[in-house]
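Each chain, letter by letter, is given below.
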Amino acid sequence: MATNQFDTSLPSTRQVQKCIKEKLTVEFRLMTGDLITGRIFWQDHNCICIFDGNNEQIMVWKQAIAYMKPFSDTVA
(Lines give C-alpha, C1' and ligand atoms only; values in the text may rest on other atoms or scores of the structure.)
Protein backbone atom coordinates (compact mmCIF):
# COMPACT_ATOMS: atom_id res chain seq x y z
CA MET A 1 0.00 0.00 0.00
CA ALA A 2 1.29 3.46 -0.85
CA THR A 3 2.36 5.57 2.11
CA ASN A 4 0.00 8.39 1.19
CA GLN A 5 -3.12 6.23 1.49
CA PHE A 6 -5.47 6.23 4.49
CA ASP A 7 -4.88 2.78 6.01
CA THR A 8 -7.85 1.68 8.10
CA SER A 9 -6.11 -1.57 9.03
CA LEU A 10 -3.66 0.26 11.32
CA PRO A 11 -4.41 0.06 15.06
CA SER A 12 -3.82 3.81 15.48
CA THR A 13 -6.39 4.63 12.79
CA ARG A 14 -8.91 2.25 14.36
CA GLN A 15 -8.30 3.76 17.82
CA VAL A 16 -8.99 7.28 16.53
CA GLN A 17 -12.13 6.02 14.74
CA LYS A 18 -13.29 4.45 18.02
CA CYS A 19 -12.84 7.81 19.79
CA ILE A 20 -14.90 9.48 17.05
CA LYS A 21 -17.67 6.88 17.24
CA GLU A 22 -17.86 6.92 21.04
CA LYS A 23 -17.47 10.74 21.20
CA LEU A 24 -14.74 10.44 23.80
CA THR A 25 -12.90 13.45 25.14
CA VAL A 26 -9.28 13.22 24.03
CA GLU A 27 -6.12 15.04 25.08
CA PHE A 28 -3.53 15.81 22.42
CA ARG A 29 -0.02 16.94 23.35
CA LEU A 30 1.63 18.59 20.37
CA MET A 31 5.32 18.54 19.54
CA THR A 32 5.38 22.24 20.50
CA GLY A 33 4.23 21.34 24.01
CA ASP A 34 0.73 22.77 23.47
CA LEU A 35 -2.17 20.81 24.92
CA ILE A 36 -5.50 20.45 23.11
CA THR A 37 -8.48 18.74 24.74
CA GLY A 38 -11.74 17.99 22.98
CA ARG A 39 -13.67 15.52 20.84
CA ILE A 40 -12.39 14.26 17.50
CA PHE A 41 -14.77 15.16 14.69
CA TRP A 42 -12.96 13.50 11.76
CA GLN A 43 -9.59 12.30 10.56
CA ASP A 44 -7.93 11.86 7.20
CA HIS A 45 -4.45 10.84 6.12
CA ASN A 46 -2.88 14.16 7.15
CA CYS A 47 -5.08 15.79 9.80
CA ILE A 48 -7.40 15.34 12.74
CA CYS A 49 -10.23 17.80 13.39
CA ILE A 50 -11.03 18.43 17.05
CA PHE A 51 -13.94 20.26 18.69
CA ASP A 52 -12.50 21.99 21.75
CA GLY A 53 -14.30 23.03 24.96
CA ASN A 54 -15.69 26.14 23.21
CA ASN A 55 -17.08 23.92 20.42
CA GLU A 56 -14.61 25.47 17.98
CA GLN A 57 -12.97 23.34 15.31
CA ILE A 58 -9.20 22.89 15.45
CA MET A 59 -7.48 21.08 12.61
CA VAL A 60 -4.20 19.50 13.68
CA TRP A 61 -1.63 17.97 11.35
CA LYS A 62 -0.88 14.43 12.51
CA GLN A 63 2.86 15.18 12.23
CA ALA A 64 2.45 17.77 15.01
CA ILE A 65 1.02 15.28 17.55
CA ALA A 66 3.36 13.94 20.24
CA TYR A 67 0.67 11.79 21.87
CA MET A 68 -3.07 11.28 22.18
CA LYS A 69 -4.75 10.23 25.43
CA PRO A 70 -8.45 9.30 25.36
CA PHE A 71 -10.51 9.82 28.52
CA SER A 72 -13.32 7.49 29.46
CA ASP A 73 -16.12 7.65 32.00
CA THR A 74 -14.98 4.43 33.66
CA VAL A 75 -12.41 4.27 36.43
CA ALA A 76 -9.94 1.40 36.34
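Where an unreviewed UniProt entry is consulted, the protein chain appears under the name RNA chaperone Hfq, with the organism given as Dolichospermum heterosporum TAC447.

So what exactly am I meant to see when it comes to the sheet that holds strand β2 (residues 35–43) here?
Paired through backbone hydrogen bonds, the strands of a sheet run either parallel or antiparallel to each other. If you walk across this open sheet you meet the five strands as β4-β3-β2-β1-β5, and the pairing is antiparallel. Edge strands, defined here as strands with exactly one partner in the open sheet, are β4 (57–61) and β5 (65–70). Sheet twist, expressed as the average angle between the axes of neighbouring strands with direction ignored, equals 45°. Relative to β5, strand β1 (residues 25–30) is paired through five bridges, and the arrangement is antiparallel. For L30, the partnering residue across the bridge sits in β5 and is I65. Here helix α1 (residues 11–22) sits on the sheet in contact with β1, β2, β3 (47–52) and β5, set at roughly 95° to β2.

Just checking my understanding: could you explain the pattern of salt bridges for this structure?
The tally for this structure, following the rule as stated, stands at one salt bridge. As a salt-bridge pair, E27 and K69 come within 3.9 Å of each other at their nearest N and O atoms. Within this pair, whereas E27 is found in strand β1, its partner K69 is found in strand β5, the two being separated by 42 residues in sequence. Under the relative-accessibility criterion, K69 is labelled partly exposed at 39%.

Definitions and limits used
Residues numbered from 1 in each chain as written. Predicted model: local features only at pLDDT ≥ 70, side-chain atom pairs only at ≥ 80, totals over all residues. Heavy atoms only, no water. Pairing = 2+ DSSP bridges. Helix = DSSP H or I, 4+ residues; strand = E, 2+ residues; numbered from the N terminus. Axes fitted to C-alpha atoms, helices over the stretch in contact; angles between N-to-C directions. Contact = heavy atoms within 4.5 Å. Salt bridge = Lys/Arg side-chain N within 4 Å of Asp/Glu carboxyl O. Buried < 20%, exposed > 50% of the residue type's maximum accessible area, 1.4 Å probe, protein only.

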